[in-house]
Structures are given as C-alpha cells and as structure tokens.
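Take a look at the letters that make up each chain.
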Amino acid sequence: MLRVGVVTLFPEMFDLYSDWGISARAVDRKLVHLSVFNPRDHARDTHRSVDDRPYGGGPGMVMMFEPVRASIREARQALPGARVHLLTPQGRRLAQADIQSLARLESLVLLAGRYEGLDERLIEAEVDEEWSIGDYVLSGGELACLVLLDAMTRLLPGALGDGESAQAESFMDGLLDYPHYTRPETVDGRRVPEVLLSGNHGAIRRWRLKQALGRTWQRRPDLLEQRPLSAEETGLLEEFIKEHTAAQS
Ligand code: ADE
C-alpha cells in the first residue's frame with residue numbers, strides 16, 4: 001500500500017481524492033492511504049496565524065516556518081522514511097516517468113504551498129524535491145498535489161478496472177493516444193474507421209500504432225525526438241506522413 005501524507009491549509013480539498021472515481025476506489029481497496037496534516041493545528045498565537053508579511057516588503061503573505069515545520073514533522077513521524085515533495089511552479093516539471101517512479105514508493109509526503117510562498121528556510125530545512133505540474137501559476141499547491149496523486153494512483157496495481165489500460169495508453173510508451181470510437185457505427189454521416197470493425201486484431205493493432213505515431217508527429221514532434229522507433233514504427237509513420245501529405249495536396 002502506498003502511504004501519502006499531505007501538508008495543507010485546505011484539508012477539505014483532498015475529499016476530491018478520497019470521495020470520487022478511481023482514486024476513491026483505490027482508497028477503498030487499500031491500495032493507497034491518504035493522511036492530511038494542517039499547519040493551522042500548530043499555530044501558536046490566538047489568531048492561529050500560519051502566514052505573515054514578507055521581509056523586505058511587497059504584496060502577499062508568506063507561510064511561516066514554525067507551524068509548517070511542525071506539520072511536516074508530524075507527517076514524517078506518521079510516515080517514517082518518507083521524503084517531502086513540494087509542489088511549486090519553481091520545481092522540476094513533472095513527466096510521466098517521474099509519476100511512475102513516485103508511484104513505486106512506499107510512502108511520500110506532499111507539501112502544498114499557498115499564498116506568495118513558503119519561508120525559504122523551510123525549503124532548505126525540510127523539502128527533498130520540488131515539482132511543478134506545468135508553466136502556469138495556480139493559487140496554491142493543492143490542485144497540483146491532486147493532479148500528481150491522480151496520475152500516481154491510476155498506476156497502482158489493481159487501481160484500474162481493466163489491467164491493460166494503464167499500459168496501452170498515451171505517454172506510457174512516449175506516444176500520444178490513438179483515436180477511440182464506440183457505437184453507433186455512423187453518427188451525423190461520420191463512420192467509424194472500417195479496420196476497427198474488421199475483427200482483424202493484427203490490422204487493428206497496426207492501425208492504432210500508426211495513428212498514435214502520426215498524432216505524435218503532428219502535435220508533439222518533441223516527444224518523437226526523445227523516442228527511438230522500431231523498424232515497424234518507422235514504416236507506419238512513413239505511411240502516415242505519406243497519406244497525410246497526399247491528403248493535403
Ligand atoms: N503551485 C502553484 N502553481 C503550481 C504549479 N504550476 N505546479 C505545482 N505547484 C504549483
């Protein structure tokens with residue numbers, strides 16, 4: 001079982017994880033256990049403050065050292081050996097390969113930053129890794145934690161209904177996904193590609209691989225640059241490119 005501790009000022013946001021969909025089922029199946037730690041529980045003054053004005057001036061508030069450290073320590077005690085991962089736009093950009101490594105851990109602590117940030121000394125003293133989910137700024141790390149948790153959870157053995165799907169899908173082997181269809185066969189004059197109705201599993205596999213390669217070539221050529229192609233894949237991509245450029249002229 002994967003044990004995750006989350007340090008956050010907004011514990012209720014993690015009900016989204018525990019109460020809905022595949023992650024809720026993974027919690028029920030005891031594939032993962034989430035515990036939430038709130039720095040506010042360690043606030044010392046009568047206002048239960050967890051943030052304060054930045055030294056040097058400027059807008060916004062900074063999360064204070066003491067209550068956040070106490071909360072991280074509480075999480076570390078509950079999850080011995082766990083490393084602390086801060087979600088922040090300053091972090092390394094998360095990729096599927098990172099999610100795969102994280103999903104193999106026994107335990108980890110996620111730290112959701114809020115406001116203008118954390119007191120830098122907290123990062124120096126307590127944070128082991130910093131991750132960003134993309135080059136945009138959220139109002140806090142909670143949604144980023146939820147994104148990371150969701151992506152990890154679906155990789156846990158037994159989390160998905162069909163054990164195959166995590167393997168076959170997008171990015172699993174560095175390509176975008178192929179297109180999917182379900183009934184009816186024709187909708188507004190648009191037909192399902194004939195090969196998918198053929199029952200020829202070899203032809204279907206090749207068609208899907210070709211579409212995945214072609215889409216990646218069209219939409220994310222950067223991914224193709226990082227991925228060696230087999231002889232079959234090279235041939236399928238060449239076919240796709242030929243068909244695509246022929247269709248254009
Ligand atoms: N917190 C705010 N923005 C973020 C981002 N893009 N990734 C991770 N954590 C964040």
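Residues numbered from 1 in each chain as written. Predicted model: local features only at pLDDT ≥ 70, side-chain atom pairs only at ≥ 80, totals over all residues. Heavy atoms only, no water.

On to the nonpolar core, then. Grouped together as the largest cluster of nonpolar side chains are 28 residues, with contacts concentrated most on Val4, Leu110, Leu148, Leu149 and Met152. For this core, the secondary-structure elements that each account for two or more residues are β1 (2-7), β2 (32-37), α4 (96-103), β6 (107-112) and α6 (142-153). When neighbours within four sequence positions are excluded, Leu148 is seen to be in contact with Leu87, Leu94, Ile99, Leu102 and Leu110. Formed by 19 residues, the second largest nonpolar core is a distinct cluster that contains Met63, Leu79, Leu122 and Ile123. (Core = buried A, V, L, I, M, F, W, Y, C linked by side-chain atoms within 4.5 Å. Buried < 20%, exposed > 50% of the residue type's maximum accessible area, 1.4 Å probe, protein only. Helix = DSSP H or I, 4+ residues; strand = E, 2+ residues; numbered from the N terminus. Contact = heavy atoms within 4.5 Å.)

Within the structure, the ligand sits among 13 residues, and Thr88, Ile133, Gly134, Tyr136 and Leu138 are positioned closest to it. Between the ligand and Thr88 there is a distance of 3.1 Å, counted from a nitrogen atom to a backbone nitrogen or oxygen. Tyr136 is positioned such that a nitrogen or oxygen atom in its backbone is 2.8 Å from a nitrogen atom of the ligand. Judged by its atoms lying within 2 Å of the grid points, the ligand is housed in the second largest pocket. Elements represented by at least two residues in the shell around the ligand include exactly β5 (83-93) and β8 (129-132). Partitioning the shell around the ligand into residue classes produces eight nonpolar, five polar and no charged. (Near = heavy atom within 4 Å. Polar contact = N/O pair within 3.5 Å; in protein donor to acceptor, adjacent residues only side chain to side chain. 1 Å grid on protein atoms, 1.4 Å probe; cavity = no way out; pocket = protein on both sides within 12 Å on 5 of 7 lines; lining within 4 Å. Sits in = over half its atoms within 2 Å of the grid points. Nonpolar A, V, L, I, M, F, W, Y, C, P; charged D, E, K, R; others polar.)

To continue, consider the sheet that holds strand β7 (residues 117-118). Spatially, β3-β4-β7 is the arrangement adopted by the three strands of the open sheet, whose pairing is mixed. In the strand order of this sheet, the two ends are held by β3 (51-52) and β7, each with one partner. (Pairing = 2+ DSSP bridges.)

With that settled, consider the domain arrangement of the chain. The domains assigned to the chain are domain 1 (2-153) and domain 2 (170-248). The straight-line distance from the C-alpha centre of domain 1 to that of domain 2 is 38 Å. (Domains from an automatic or database assignment.)

If you add up the space inside the second largest pocket, you get close to 420 Å³. Leu87, Thr88, Pro89, Gln90 and Gly117 are the residues nearest the centre of the second largest pocket, which is lined by 25 residues in total. Those elements giving two or more residues to the lining of the second largest pocket turn out to be β5, β7, α5 (120-126) and β8. In terms of residue count, β5 provides more of the lining of the second largest pocket than any other element does, five residues in total. Residue classes in the lining of the second largest pocket are distributed as 12 nonpolar, nine polar and four charged. (Points joined across faces, edges and corners; volume = space filled by probe spheres on them.)

The next thing to look at is the side chain of Glu142. The residue Glu142 is located in helix α6 in this model. Polar side-chain contacts of Glu142 include one of 2.6 Å to the side chain of Thr8. Within the structure, the side chain of Glu142 is placed 2.7 Å from the side chain of Arg114, a separation counted as a polar contact. Apart from residues lying up to four places away in sequence, Glu142 is in contact with Thr8, Leu9, Phe10, Met13, Phe14, Ala112, Gly113 and Arg114.

Glancing now at the side chain of Thr216. Residue placement: Thr216 occurs in helix α8 (residues 201-219). Ignoring sequence-local partners within four residues, the contact set of Thr216 consists of Gly174, Leu175, Leu176, Pro221, Leu223 and Leu224.

In this section: the sheet that holds β5. Judged by pairing direction, the sheet is parallel, and its five strands sit side by side in the order β2-β1-β6-β5-β8 without closing on themselves. With partners counted over all chains shown, the strands left at the sheet margins are β2 and β8, one partner each. Here the average twist between neighbouring strands, direction ignored, is 30°. Here helix α3 (residues 65-78) sits on the sheet and contacts β1, β2, β5 and β6; the angle it forms with β2, its principal contact strand, is near 155°. In this fold α6 packs onto β1, β2, β5 and β6, with an angle of close to 155° to the strand it touches most, β6. (Axes fitted to C-alpha atoms, helices over the stretch in contact; angles between N-to-C directions.)

Opposite charge on two side chains makes pairing possible when the charged atoms of those side chains draw close. A complete count under the given rule lists 19 salt bridges for this structure. The salt bridge involving Arg121 is made with Asp119; its shortest N-O contact spans 2.7 Å. Looking at Arg121, the relative accessible area reads 48%, which means it is partly exposed. Residue class for Asp119 comes out buried when judged on its relative accessible area of 15%. For the salt bridge of Lys210 with Glu239, the shortest nitrogen-to-oxygen distance reads 2.9 Å. Here Glu239 lies in helix α10 (residues 231-248) and Lys210 lies in helix α8, a separation of 29 residues in the sequence. For Glu239, a relative accessible area of 39% translates into the label partly exposed. One network of salt bridges, with partners in common, ties together Arg73, Arg76, Glu126 and Asp128. (Salt bridge = Lys/Arg side-chain N within 4 Å of Asp/Glu carboxyl O.)

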